[in-house]
Structure formats: structure tokens, C-alpha cells
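Overview (structure and organization)
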Amino acid sequence: MDLKKDIILFVIGGGSYVGVELLFRGYSHSTMFFLGGLCFLLIGYLGRLKHRPSLPVQAMLGSGIATAGELIFGLIFNQDYTIWDYRDQAGNFLGQICPTFSLLWIPLCFLAILVFDWCDKKLTHVYQAVQRRRQPS
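These numbers come from a predicted model, not from an experiment. (Residues numbered from 1 in each chain as written. Predicted model: local features only at pLDDT ≥ 70, side-chain atom pairs only at ≥ 80, totals over all residues. Heavy atoms only, no water.)

**Details of the environment of Leu 9**
Operational definition: Helix numbering and strand numbering both begin at the N terminus, where a helix is a DSSP run of H or I of at least 4 residues and a strand a DSSP run of E of at least 2. Here, residues are in contact when the closest pair of their heavy atoms is within 4.5 Å.
Position of Leu 9 relative to the elements: it lies in helix 1 (residues 2-25). Residues Leu 9 and Cys 119 lie 110 residues apart in sequence; the distance between their C-alpha atoms is 7.4 Å. Excluding its chain neighbours within four sequence positions, the residues that come into contact with Leu 9 are Phe 40, Leu 41, Arg 48, Phe 116, Cys 119, Asp 120 and Leu 123.

Right under this line is the structure:
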């Protein structure tokens, strides 16, 4: 179940990321679906740690995850700055990441954690209901 659930959560995260970009920028890029799905899973997994950090700490860690993901994907897929371009932002690093967008990730990560937790619980509930129906009487 975990792999199936993680695939569904990945798709939810990737689709949501692309949706946010379409809403605010009017366009997105196919690689952002994969970055969004990966970040959604990694940020959501913070809540599965044995010593779960508080929600504000998870959101700040999530911002670090998203920023690191942007840097990695940027260096691989955005070398020509056609997906995004932070070169004109103060404190940017190689035009791929900047403090402004790292800070903007915090409230988005806060929301992503809440959505992840809700989806995770609902998917677990659905899976358990399906398993109960499959058991012979």
C-alpha cells in the first residue's frame, strides 16, 4: 500500500505545484510536476519522523527542501533560465534560488503539510476499508 499511496500523493503534489504556478504565473513546465511531487512527499515525510517536529518547524524545513529542490532542478533543467529566472532578485544564487522565494515557501509548505496529512489519512482509511471488504466472511 505504501508505494501506491506514495504514487497518489506524488501526483497530488505535482499537480498542485503546477496548479499554483498556472494560477500565479500563467504557465508552468513539465519538470515542475516532478519537482512538486518530490517536494510534497519529502515535506510530508517530515510528519512521519519518530520525533515529529512542530508544524512551524516542519514548514521551515520544508522551505529548505523546496529551495534545495529548486536549486538541483534549476542547475539541471533551467540552465538557460527559460523555466524561471531569479538573476534580478537580491541574494540570488546562480539565478536559480533566492531568499525571497525561500521565504515564500514557508506558508506554502505549511499548507502542503496540512494537505499531505489529510490526504495520507484519507488514503489509509480507504485502503483499510478496501482490505476489510476483500477479507472472506
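**A closer look at unusual backbone geometry**
The condition that has to hold: Each residue gets one of three labels from its accessible area relative to the maximum for its type: buried under 20%, exposed over 50%, partly exposed in between, using a 1.4 Å probe on protein chains only.
Positive phi, close to 60 degrees, is recorded for Tyr 81, a residue that is not glycine. If you trace the backbone, Tyr 81 turns up in the loop between helix 3 (55-77) and helix 4 (99-134). Judged by relative accessible area, which is 23%, Tyr 81 ranks as partly exposed. In this structure, Leu 94 is a non-glycine residue whose phi angle is positive, near 55 degrees. Along the chain, Leu 94 falls in the loop between helix 3 and helix 4.

**Topic: the packing of helix 1 against helix 2 (residues 30-45)**
What counts, and what does not: Axes here mean lines fitted to C-alpha atoms, for a helix over just the part in contact, with angles spanning 0 to 180 degrees between N-to-C directions. Roughly parallel means an angle under 35 degrees; roughly antiparallel, over 145; roughly perpendicular, 65 to 115; everything else is oblique. By definition, turning the near helix anticlockwise from the far helix through less than a right angle yields a left-handed crossing, and turning it clockwise yields a right-handed one. Side-chain classes are defined by residue name, with Ala, Val, Leu, Ile, Met, Phe, Trp, Tyr, Cys and Pro counting as nonpolar, Asp, Glu, Lys and Arg as charged, and the others, Gly among them, as polar.
Relative orientation of the contacting elements helix 1 and helix 2 amounts to 120 degrees, with a least axis distance of 7 Å. Of the possible angle classes, the one that applies to helix 1 and helix 2 is oblique. Crossing handedness for the pair helix 1 and helix 2: right-handed. Mapping the contact onto sequence places Asp 6, Leu 9, Phe 10, Val 11, Ile 12, Gly 13, Gly 14, Gly 15, Tyr 17, Val 18 and Glu 21 in helix 1 and Met 32, Phe 33, Phe 34, Leu 35, Gly 36, Gly 37, Leu 38, Phe 40, Leu 41 and Tyr 45 in helix 2. Grouping the constituent residues of the contact of helix 1 with helix 2 by class yields 14 nonpolar, five polar and two charged.

**Focus: helix 1**
Count 3.6 residues to each turn of an α-helix, and residues three or four apart come out pointing the same way. Keep this limit in mind: By this rule the span expected of a helix is its residue count minus one, scaled by 1.5 Å.
For helix 1, spanning 24 residues, the distance from its first C-alpha to its last is 34 Å, which sits close to the expected 34 Å at 1.5 Å a residue. Turning to helix 1, its buried residues number three or more, namely Lys 5, Asp 6, Leu 9, Gly 13, Gly 14, Tyr 17, Val 18 and Glu 21. Residues of helix 1 that are buried sit in contact with helix 2, helix 3 and helix 4.

**Overview of the nonpolar core**
Here is the rule we go by: Only buried residues count toward a nonpolar core. Its members are Ala, Val, Leu, Ile, Met, Phe, Trp, Tyr and Cys residues joined through side-chain atoms within 4.5 Å.
Core analysis: the largest hydrophobic core is formed by 15 residues, its most contacted members being Met 32 and Leu 35. Every element with two or more residues in this core is listed here: helix 2, helix 3 and helix 4. Counting residues per element, this core draws most heavily on helix 2, which supplies four residues. When sequence neighbours within four positions are dropped, the list of residues in contact with Met 32 reads Tyr 17, Val 18, Glu 21, Phe 73, Ile 83 and Trp 84.

**What about helix 2?**
For helix 2, with 16 residues, the first-to-last C-alpha span of 24 Å sits near the 22 Å given by 1.5 Å per residue. Turning to helix 2, its buried residues number three or more, namely Thr 31, Met 32, Leu 35, Gly 36, Gly 37, Cys 39, Phe 40, Leu 41, Ile 43 and Gly 44. In this structure, the buried residues of helix 2 make contact with helix 1, helix 3 and helix 4.

**Concerning the pattern of salt bridges**
To keep things clear, this is the line we draw: We define a salt bridge as a side-chain nitrogen of Lys or Arg found within 4 Å of a carboxyl oxygen belonging to Asp or Glu.
On inspection of all chains with the given rule, the structure shows six salt bridges. Salt-bridge contacts for Asp 120 lead to Lys 5; the nearest nitrogen and oxygen are separated by 2.8 Å. Taken as a pair, Asp 120 in helix 4 and Lys 5 in helix 1 lie far apart in primary sequence, 115 residues in all. Exposure remark for Lys 5: the relative accessible area of 7% places this residue in the buried category. Arg 48 is paired through a salt bridge with Asp 6; the nearest N and O atoms lie 3.8 Å apart. Placement of the pair is Arg 48 in the loop between helix 2 and helix 3 and Asp 6 in helix 1, with a sequence separation of 42 residues.

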